[in-house]
Amino acid sequence: NAGVTQTPKFQVLKTGQSMTLQCAQDMNHNSMYWYRQDPGMGLRLIYYSASEGTTDKGEVPNGYNVSRLNKREFSLRLESAAPSQTSVYFCASSVEPNQPQHFGDGTRLSIL
Amino acid sequence: QKEVEQNSGPLSVPEGAIASLNCTYSDRVSQSFFWYRQYSGKSPELIMSIYSNGDKEDGRFTAQLNKASQYVSLLIRDSQPSDSATYLCAVNMDPGANSKLTFGKGITLSVRP
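The following paragraphs examine the structure supplied in this document.

What counts and how
Residues numbered from 1 in each chain as written. Chains lettered and ligands numbered in written order. Predicted model: local features only at pLDDT ≥ 70, side-chain atom pairs only at ≥ 80, totals over all residues. Heavy atoms only, no water. Helix = DSSP H or I, 4+ residues; strand = E, 2+ residues; numbered from the N terminus. Buried < 20%, exposed > 50% of the residue type's maximum accessible area, 1.4 Å probe, protein only. Areas by Shrake-Rupley, 256 points an atom, 1.4 Å probe, with all protein chains shown as cover. Lys, Arg positive; Asp, Glu negative; His and termini not counted. Charge placed at Lys NZ, Arg CZ, Asp CG, Glu CD. Pairing = 2+ DSSP bridges. Contact = heavy atoms within 4.5 Å. Buried area = accessible area lost by both parts, 1.4 Å probe. Salt bridge = Lys/Arg side-chain N within 4 Å of Asp/Glu carboxyl O. Polar contact = N/O pair within 3.5 Å; in protein donor to acceptor, adjacent residues only side chain to side chain.

Turning next to the overall build of chain A. Of regular secondary structure, chain A possesses zero helices and 11 strands. N-terminal to C-terminal, the α/β element order of chain A is β-β-β-β-β-β-β-β-β-β-β. When its C-alpha atoms are laid out on the principal axes, chain A stretches across 35 × 30 × 25 Å. Within chain A, the proportion of its 112 residues that are buried is 50%. For chain A, the accessible area works out to roughly 5,100 Å², and carbon and sulfur atoms hold 48% of it. Computed over 10 positive and 9 negative side-chain charges, the inter-centroid distance for chain A is 6 Å.

Residues and elements named next belong to chain A. Burial runs high along strand E8 (residues 74-78): four of the five residues are buried. One ladder, built from three bridges, connects strand E3 (residues 19-25) with E8; its direction is antiparallel. When the bridges of E8 are listed, Met-19 appears paired with Leu-78. Where strand E7 (residues 64-68) folds back onto E8 in an antiparallel hairpin, the turn is made up of five residues.

A few words on the interface of chain A and chain B. If you look at the interface, chain A gives 21 residues, while chain B gives 20 residues. Each partner contributes to the roughly 1,600 Å² buried at the junction of chain A and chain B, and carbon and sulfur atoms together form 56% of this total. Contact with chain B buries area across many residues of chain A, yet A:Leu43, A:Asn98 and A:Pro100 alone supply 26% of it, more than any other trio. The tally of links from chain A across to chain B stands at zero salt bridges. At the junction of chain A and chain B, the tally comes to four residue pairs in polar contact (both at pLDDT 80 or more).

Residue and element names in this part refer to chain B. Residue position: Arg-37 is located in strand E4 (residues 32-38). Separated by 3.5 Å, the side chains of Arg-37 and Tyr-39 make a polar contact. Excluding residues that lie within four positions of it along the chain, Arg-37 makes contacts with Ser-43, Pro-44, Glu-45, Ile-47, Phe-61, Ala-85, Thr-86 and Tyr-87.

Going through the model one piece at a time under the given rule, you end up with seven salt bridges over all chains. In this structure, A:Glu79 engages A:Arg77 in a salt bridge whose closest nitrogen and oxygen atoms are separated by 3.1 Å. Residue class for A:Glu79 comes out partly exposed when judged on its relative accessible area of 44%. Residues B:Arg77 and B:Glu57 are paired through a salt bridge, measuring 3.4 Å at the closest nitrogen-oxygen approach.

Backbone geometry follows two general trends: most residues other than glycine have a negative phi, and most peptide bonds adopt the trans configuration. The omega angle of the peptide bond from A:Thr7 to A:Pro8 is -5°, so this bond is cis rather than trans. Looking at where A:Pro8 falls in the secondary structure, it is placed in the loop between strand E1 (4-7) and strand E2 (10-13). A positive phi is found at B:Gln70, a non-glycine position, where the angle reads about 60°. Structurally, B:Gln70 can be placed in the loop between strand E7 (61-66) and strand E8 (71-76). Residue classification places B:Gln70 among the buried residues on the basis of a relative accessible area of 12%. The phi angle at B:Asp78 is positive, at roughly 50°, despite the residue not being glycine.

Glancing now at the environment of A:Leu109. Residues and elements named next belong to chain A. Relative to the helices and strands, Leu-109 resides in strand E11 (residues 107-111). Overall, Leu-109 belongs to the buried group, its relative accessible area being 1%. Considered as a pair, Leu-109 and Ala-50 are 59 residues apart in the sequence and their alpha carbons are 25 Å apart. Every residue in contact with Leu-109, bar those within four places of it in the chain, is listed here: Gln-11, Leu-13, Met-19, Leu-78, Gln-85, Thr-86, Ser-87 and Tyr-89.

For the rest of this paragraph, the subject is the sheet that holds strand E1 (residues 4-5) of chain B. Remark on secondary structure: sheet strands pair via backbone hydrogen bonds, oriented parallel or antiparallel. Residue and element names in this part refer to chain B. If you trace the five strands from one edge of the open sheet to the other, you get E1-E3-E8-E7-E6, paired in antiparallel fashion. At either end of the open sheet lies a strand with only one pairing partner, and these are E1 and strand E6 (54-58). Summarising the sheet, E1 and strand E3 (residues 19-25) pair through two bridges and their orientation is antiparallel. Bridged to Glu-5 within E3 is Thr-24.

The structure is reproduced here in structure tokens:
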């Protein structure tokens, strides 16, 4: 009964390094999302995938790429990390795009 | 630009009181409305969904929707210290095939023992 699983939970990077945040859901949901949350800014959508095989930009996509690997997995890649990308990243999924979203526990990412 | 606003915070109420959390949204065609609770250091957790005008009750929680006035509210009766958290309003403002939620910035509620 895992729901939405994110790895890693914590990560520290140096400026310019790359990394991929992993997300997997076991609820057979069609739609998946990546958000970042910063103090005073709320949740901001980075990218989303309405269904397997599709991805679309959200509010703050610059500096990120995504891959919907299959129905279960949706990864977020930082190609060249910048200090401005220090944040808490949440993955979420929903049955369909207009249905309630269920969140993973988050990844706390610090970029020095 | 489509927006969800939660401006009335932070909010502090005594234990046992009613906490009233408000949210307004900019798009009249919005059809789905959600309230999430987020404890400090944790992820958002869905607590209420509402889709039609009026009130929806679930235990101590009541969601109220008024589409004509473009607001949705959350009432918490008999507030408990364990209700202290940030409450996020989310609205589906793109009721199409690729619609997605827009979140407000949240209201922080503190319940004083």
